[in-house]
Amino acid sequence: SSSRERDAAVWDIHLRTTIEKTMSFTASSKVVLTTTTTTTTGVRRRGNARATGTTTRRGGRHMARANAPKMSPPDAKSLVDATETFIFDCDGVIWKGDSLIEGVPETLDLLRSMGKRLIFVTNNSTKSRAGYTSKFKSLGLNVGAEEIFSSSFAAAAYLESIGFKKKAYVVGETGILEELDNVGVQHIGGEADAGKQVTLKSGELMHHDEDVGAVIVGFDRNINYYKIQYATLCIRENPGCLFIATNTDAVTHLTDAQEWAGNGSMVGAIKGSTKQEPIVVGKPAAFMLDYIANKYSLRKDQICMVGDRLDTDILFGKDGGLRTMLVLSGVTTEETLKSPENDIAPDFYTDKLADLLCLKPVEA
């Protein structure tokens, strides 16, 4: 269809985008993470290029200090008035684990009553869009599948956009498998390999499927050495095999009690064994944003990204030309935001999404 061809054209612009992580060390031995986005046309810009604020000197070099204002009621009004579409991260913004964050239902109802389009984007690949629809419903939120974009969906849509016809090997959970089924991509691995072990006895040789043309790495609570080795063999020995990461998040809110090691730890294992950089389809890469903007014919300067992470959500918005609002109900603390080592500045920050309820008309 013409819609699918248009979607594919937008995705094709970014297919070979990679995210290079470079580590530089200050004199005090603290690590400073900078991000460079590289495309087929060369280096586009550094992830900290849009930061604003003061400059301090550390370790013999200058660093930009992010300077973001805390959102006031007038700020909230101007932001909402200028925004046609809100894109929300889920973990840390809408919920923590399986617990809904206070005031979220009322805030979403308020924004809908004001005519705003709401879209929910998550890097968590453990569920498909159907799975997330059920989760929203279980929390009492009326959100349709067409409003949800997960990194599991992005991985499947990426393969569909390039006319992928081979098999995919999955390091990940049911969300990726269900989305691959939806686009007709054959797959192996995933939960079927959860209990497999490697004995490393003398002469042991692992065989792999030579028809695998892509390895998809998403969050996998049952990751094991068998999966790492199988993925490594496919990427290293199958000509042209793609290495796709749903995201590279360092930590994630799998429960409301603490942070857990994220998909970055799983992707890191495959990067280490293959010495290859993955194609990242989740935030902060541009794939999902371009797909959403094209699908709904959205102007990016009328979109506001709301998230709890600086290096994924806010960077995703900044690099995409969106307005950005950071909430402190998830991963990022005010101390981290204001740290001299942070150079990613949202347009505004606030304690939680429900702070937008200051715009609710006062009942007589």
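The structure reproduced in this document is the subject of the present report. (Residues numbered from 1 in each chain as written. Predicted model: local features only at pLDDT ≥ 70, side-chain atom pairs only at ≥ 80, totals over all residues. Heavy atoms only, no water.)

### Considerations on the overall build of the protein
Helix and strand content of the protein: 11 helices and 20 strands. Expressed as a percentage of the 364 residues in the protein, the buried residues total 51%. For the protein, the share of sequence-separated contacts (at least 6 apart) that also reach a separation of at least 24 residues comes to 67%. Accessible surface computed for the protein: about 16500 Å², of which carbon and sulfur atoms make up 49%. (Helix = DSSP H or I, 4+ residues; strand = E, 2+ residues; numbered from the N terminus. Buried < 20%, exposed > 50% of the residue type's maximum accessible area, 1.4 Å probe, protein only. Contact = heavy atoms within 4.5 Å. Areas by Shrake-Rupley, 256 points an atom, 1.4 Å probe, with all protein chains shown as cover.)

### A short note on helix α5 (residues 151–161)
Within α5, 9 of the 11 residues are buried, which leaves the element mostly enclosed by the surrounding structure. Within the sequence span of α5, burial applies to Ser-151, Ser-152, Phe-153, Ala-154, Ala-155, Ala-156, Ala-157, Tyr-158 and Leu-159.

### Here's the deal with the nonpolar core
Judged by nonpolar contacts, the single largest core of 56 residues is most densely connected at Phe-149, Leu-159, Tyr-169, Leu-180, Val-215, Ile-216 and Val-217. Here Val-215 is in contact with Tyr-169, Ala-231, Cys-234, Ile-235, Cys-241, Leu-242, Phe-243 and Ile-244, once residues within four sequence places are set aside. Counting 29 residues, the second largest nonpolar core, distinct from the first, contains Phe-86, Ile-101, Tyr-132 and Phe-136. (Core = buried A, V, L, I, M, F, W, Y, C linked by side-chain atoms within 4.5 Å.)

### Re the sheet that holds strand β9 (residues 117–122)
Taking strand neighbours across the sheet as the criterion, the 6 strands line up as β10-β9-β6-β18-β19-β20 in an open arrangement whose pairing is parallel. The sheet terminates laterally at β10 (148–150) and β20 (348–350), the two strands that pair on one side only. Sheet twist, expressed as the average angle between the axes of neighbouring strands with direction ignored, equals 20°. Inspection of the sheet shows strand β6 (residues 85–88) paired to strand β18 (residues 303–307) by 4 bridges, in the parallel sense. The partner of Phe-88 across the bridge, within β18, is Val-306. (Pairing = 2+ DSSP bridges. Axes fitted to C-alpha atoms, helices over the stretch in contact; angles between N-to-C directions.)

### As for the pairing of β18
The buried fraction of β18 is high, at 5 of 5 residues. Side chains Ile-303, Met-305 and Gly-307 project from β18 onto one buried face, and the interleaved Cys-304 and Val-306 project onto a second face that is buried too. Examined bridge by bridge, β18 and strand β19 (residues 323–327) share 4 bridges and lie parallel to one another. In the sheet register, Cys-304 faces β19, and the bridge partner there is Arg-323.

### Side note on the sheet that holds strand β14 (residues 242–245)
Spatial ordering of the open sheet is given by β12-β11-β13-β14-β17, a layout of 5 strands whose pairing is parallel. Since the sheet does not close on itself, it has two edges, and those belong to β12 (187–189) and β17 (279–280), each with one partner. Bridging between strand β11 (residues 167–171) and strand β13 (residues 212–217) involves 5 bridges; their strand directions are parallel. Residue pairing in the sheet places Lys-167 in a bridge with Val-212 of β13. Contacts from helix α6 (residues 174–182) reach β11, β12 and β13, with the element oriented near 160° to β11. Helix α8 (residues 263–274) contacts β13 and β14 of the sheet and is inclined by roughly 160° relative to β14.

### Brief notes about helix α4 (residues 129–138)
The set of residues buried in α4 consists of Tyr-132, Lys-135 and Phe-136. Down the axis of α4, the smallest arc covering the buried residues is 100°, so these residues share one side. Facing away from the buried side of α4 by over 90 degrees, the exposed positions are Ala-130, Lys-137 and Ser-138. At its buried positions, α4 is contacted by β7 (95–96), β9 and β10. With its phi angle positive at about 85°, Gly-140 sits one or two positions after the end of α4. (Arc of directions from axis to C-beta.)

### Re the packing of aromatic side chains
This structure, assessed with the given rule, holds 12 aromatic pairs. Each ring, one from Phe-149 and one from Phe-153, has its centre 5.7 Å from the other, and the planes form 70°; the classification is edge-to-face. There is no split in this pair, since Phe-149 and Phe-153 are both buried. Measuring from centroid to centroid gives 5.6 Å for Phe-153 and Tyr-291, while their planes differ by 75°, and the two rings are edge-to-face. Within this pair, whereas Phe-153 is found in helix α5, its partner Tyr-291 is found in helix α9 (residues 287–296), the two being separated by 138 residues in sequence. Classification of Tyr-291 by relative accessible area gives buried; the value is 12%. An aromatic cluster is built from Phe-86, Phe-88, Trp-95, Phe-120, Tyr-132 and Phe-136, whose rings are joined through pairwise contacts. The side chain of Lys-127 reaches across the aromatic face of Tyr-132, ending 5.8 Å from its centre. (Phe/Tyr/Trp six-rings, centres within 6.5 Å; stacked < 30°, edge-to-face > 60°. Lys NZ or Arg CZ within 6 Å of the ring centre and 35° of its normal.)

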